Amino acid sequence: MKRIMLFIDSLGAGGAQRQLVGLAIMLKQRGFVVKVVTYYNHPFYRYMLDENNCDYECLNIDSKFCLFKLVRCIKRFKTDVLISYQTDPNALACVAAAMTRTKLIVSERNTHTSISLKDRIIFQLYRYANRIVPNSYSEGQFICEKFAPLASKVVVISNFVDLRLFTPCDTKAQSITRRILIVASVKASKNTKNFIHAINLAKKRGCKIHATWYGINPANLDLKENVQYANECMELVKKLGLDNELKLLPKRQDIQYAYREADFFCLPSFFEGTPNVICEAMASGLPVIASLVCDNSHYVKEGYNGILFNPNDVENIADAIIQLATMTDEDLLLWGQRSRGLVEELCSEVTFVNKYIDLIDSI
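Presented here is an overview of the structure given in this document. (Residues numbered from 1 in each chain as written. Predicted model: local features only at pLDDT ≥ 70, side-chain atom pairs only at ≥ 80, totals over all residues. Heavy atoms only, no water.)

### Observations concerning the overall build of the protein
1) Next: Within the protein, the regular secondary structure consists of 14 helices and twelve strands.
2) Next: A principal-axis box enclosing the C-alpha atoms of the protein has dimensions of 65 × 40 × 40 Å.
3) Next: Within the protein, the fraction of its 363 residues that count as buried is 55%.
4) Next: Taking as baseline every contact in the protein between residues at least 6 positions apart, the subset at least 24 positions apart corresponds to 70%.
5) Next: Taking the average location of the 44 positive side-chain charges in the protein and that of its 38 negative ones, the two points are 7 Å from each other. (Helix = DSSP H or I, 4+ residues; strand = E, 2+ residues; numbered from the N terminus. Buried < 20%, exposed > 50% of the residue type's maximum accessible area, 1.4 Å probe, protein only. Contact = heavy atoms within 4.5 Å. Lys, Arg positive; Asp, Glu negative; His and termini not counted. Charge placed at Lys NZ, Arg CZ, Asp CG, Glu CD.)

Right, here's the structure in full:
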């Protein structure tokens, strides 16, 4: 059976890390010999690998200096196919694969709207990859249009959702105060401040709501600007007197329980790839309101299982919040059932892993 190495920066609390760990487990369950390698020791998802007896190695070195360690690791493991996730690991994997003549699949997790000098260098390195796997249709189209020589290598594979872990709650307590859930890092790109102002506007209009946002990272695991932004958001909540309407909390590992307690889900970010948390919310039987960006409309169908809004327009966000918060319990349940049905079609583990196995076999 083929030997598959999966490479990423860390096992920290991010969507890319969750997807790579899940892929490693699924490939192992299909009989592949699997090893996960990182260069930072952030063990948020380490327990999942341990529970499934997946081999794991941390190089314990900065990304700038780990190339030769990675090359030795590839050779020692006798790697048949290397799969990398995220920009910096992808760049390292391209060079390492060229040095070792190892087959390579890079997963492109970004959603580009412009091209920087770094992007041009990265996409030049992708010439050494056998396949390029964007997790969003918008990114796949971008690559084909802007880097035409790579188009034949591009295969879009949407993220998976664990449909056994994320399930609807059958005994949800009803309340006149609607419970909104947000699962995203508290940082500028996720549009936390506009969401806070939208909650304030909805409150002023008499809407009974309580929002819980899980997304604050420990300071030692986050960028300085993100920590500053999170602090500014917490100050804004206090300034507007929203302590009873909005809580900004740390990320949690058992997030499936938070989905089951909510009435609907919101993701107000300025851009997304394949939005993991939207898919998890849908699997949990929740209606969704989200920004009209990138692939969100592929999952959130206007007036069917959710509402799409302009992330730059606070009033538009508030209108979406109010519309769902004032829906009947029966309509919320119906929209949530539609969400579950859609995500079962689009994001099952079987579909996800089969597409990766097809790629592995094809190269």
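### Focus on helix α4 (residues 87–100)
1) Next: Relative to the 20 Å expected for 14 residues at 1.5 Å per residue, α4 spans 20 Å between its end C-alpha atoms, a close match to the ideal helical length.
2) Next: Within α4, ten of the 14 residues are buried, leaving the element largely enclosed by the surrounding structure.
3) Next: One or two residues past the end of α4 sits arginine 101, with phi positive at roughly 55°. (Expected span 1.5 Å × (residues − 1).)

### Quick notes on the layout of surface pockets
1) Next: Roughly 370 Å³ of internal volume is contained in the second largest pocket.
2) Next: For the second largest pocket, the lining is made up of 16 residues, of which Cys169, Lys172, Gly285, Leu332 and Leu333 are closest to its centre.
3) Next: No other element matches helix α13 (residues 329–346), which puts six residues into the lining of the second largest pocket. (1 Å grid on protein atoms, 1.4 Å probe; cavity = no way out; pocket = protein on both sides within 12 Å on 5 of 7 lines; lining within 4 Å. Points joined across faces, edges and corners; volume = space filled by probe spheres on them.)

### With respect to unusual backbone geometry
1) Next: Look at lysine 78: it is not a glycine, yet its phi comes out positive at around 60°.
2) Next: Summarising the element assignment, lysine 78 is placed in the loop between α3 (67–77) and β4 (81–85).
3) Next: What makes lysine 78 exposed here is its relative accessible area of 63%.

### Structural notes on the environment of aspartate 358
1) Next: Note on placement: aspartate 358 falls in helix α14 (residues 349–362).
2) Next: When the C-alpha atoms of aspartate 358 and serine 136 are compared, they prove to be 18 Å apart, with 222 residues separating the residues in sequence.

### Quick notes on the packing of α3 against α4
1) Next: Where α3 contacts α4, the axes come no closer than 10 Å and their chain directions differ by 50°. It follows that α3 is oblique to α4 by the angle criterion. When you trace α3 past α4, the crossing you get is right-handed. Seen from α3, the contacting residues are Leu67, Phe68, Leu70, Val71, Ile74 and Lys75; seen from α4, they are Leu92, Ala93, Val95, Ala96, Met99 and Thr100.
2) Next: Residue classes in the contact of α3 with α4 are distributed as ten nonpolar, one polar and one charged. (Axes fitted to C-alpha atoms, helices over the stretch in contact; angles between N-to-C directions. Parallel < 35°, antiparallel > 145°, perpendicular 65-115°, else oblique. Left-handed = near helix turned anticlockwise from the far one by under 90°. Nonpolar A, V, L, I, M, F, W, Y, C, P; charged D, E, K, R; others polar.)

### Thoughts on the sheet that holds β4
Pairing between the strands of a sheet comes from backbone hydrogen bonds, and it takes one of two forms, parallel or antiparallel.
1) Next: Judged by pairing direction, the sheet is parallel, and its six strands sit side by side in the order β3-β2-β1-β4-β5-β6 without closing on themselves. Of all strands in the sheet, those with a lone pairing partner are β3 (55–58) and β6 (131–134), marking the two edges. When strand polarity is set aside, the average angle formed by the axes of neighbouring strands in this sheet is 20°.
2) Next: Relative to strand β5 (residues 103–108), β4 is paired through five bridges, and the arrangement is parallel. If you follow isoleucine 83 over to β5, its bridge partner there is isoleucine 105.
3) Next: Each of β5 and β6 is contacted by helix α6 (residues 137–146), which is oriented at about 140° to β6, the strand it contacts most.
4) Next: Those strands touched by α14 are β1 (3–7), β4, β5 and β6, and its axis lies near 135° from that of β4. (Pairing = 2+ DSSP bridges.)

### Overview of empty space enclosed by the protein
1) Next: All chains considered together, the criterion is met by three cavities of 30 Å³ or more.
2) Next: Estimates place the volume of the largest cavity at around 50 Å³.
3) Next: What lines the largest cavity is Ile157, Ser158, Asn159, Phe160, Leu346, Cys347, Ser348, Thr351, Phe352 and Lys355.
4) Next: Examining the composition of the lining of the largest cavity, we find that three residues originate from one element, α14, more than from any other.
5) Next: Across the lining of the largest cavity, the residue classes break down as five nonpolar, four polar and one charged.

### Some remarks on the state of the cysteines
1) Next: This model, assessed by the stated rule, comprises zero disulfides.
2) Next: This cysteine, cysteine 73, is not joined by any disulfide, and cysteine 66 carries the nearest cysteine sulfur, 10 Å off.
3) Next: We classify cysteine 73 as buried; its relative accessible area is 1%. (Disulfide = S-S within 2.5 Å.)

### Observations concerning the pattern of salt bridges
1) Next: Per the stated rule, a full pass over the model turns up 15 salt bridges.
2) Next: With a closest N to O distance of 3.0 Å, arginine 164 and glutamate 349 form a salt bridge. Here the residue arginine 164 occupies a position in the loop between α6 and β7 (178–183), and glutamate 349 occupies one in helix α14, the gap between them amounting to 185 residues. (Salt bridge = Lys/Arg side-chain N within 4 Å of Asp/Glu carboxyl O.)

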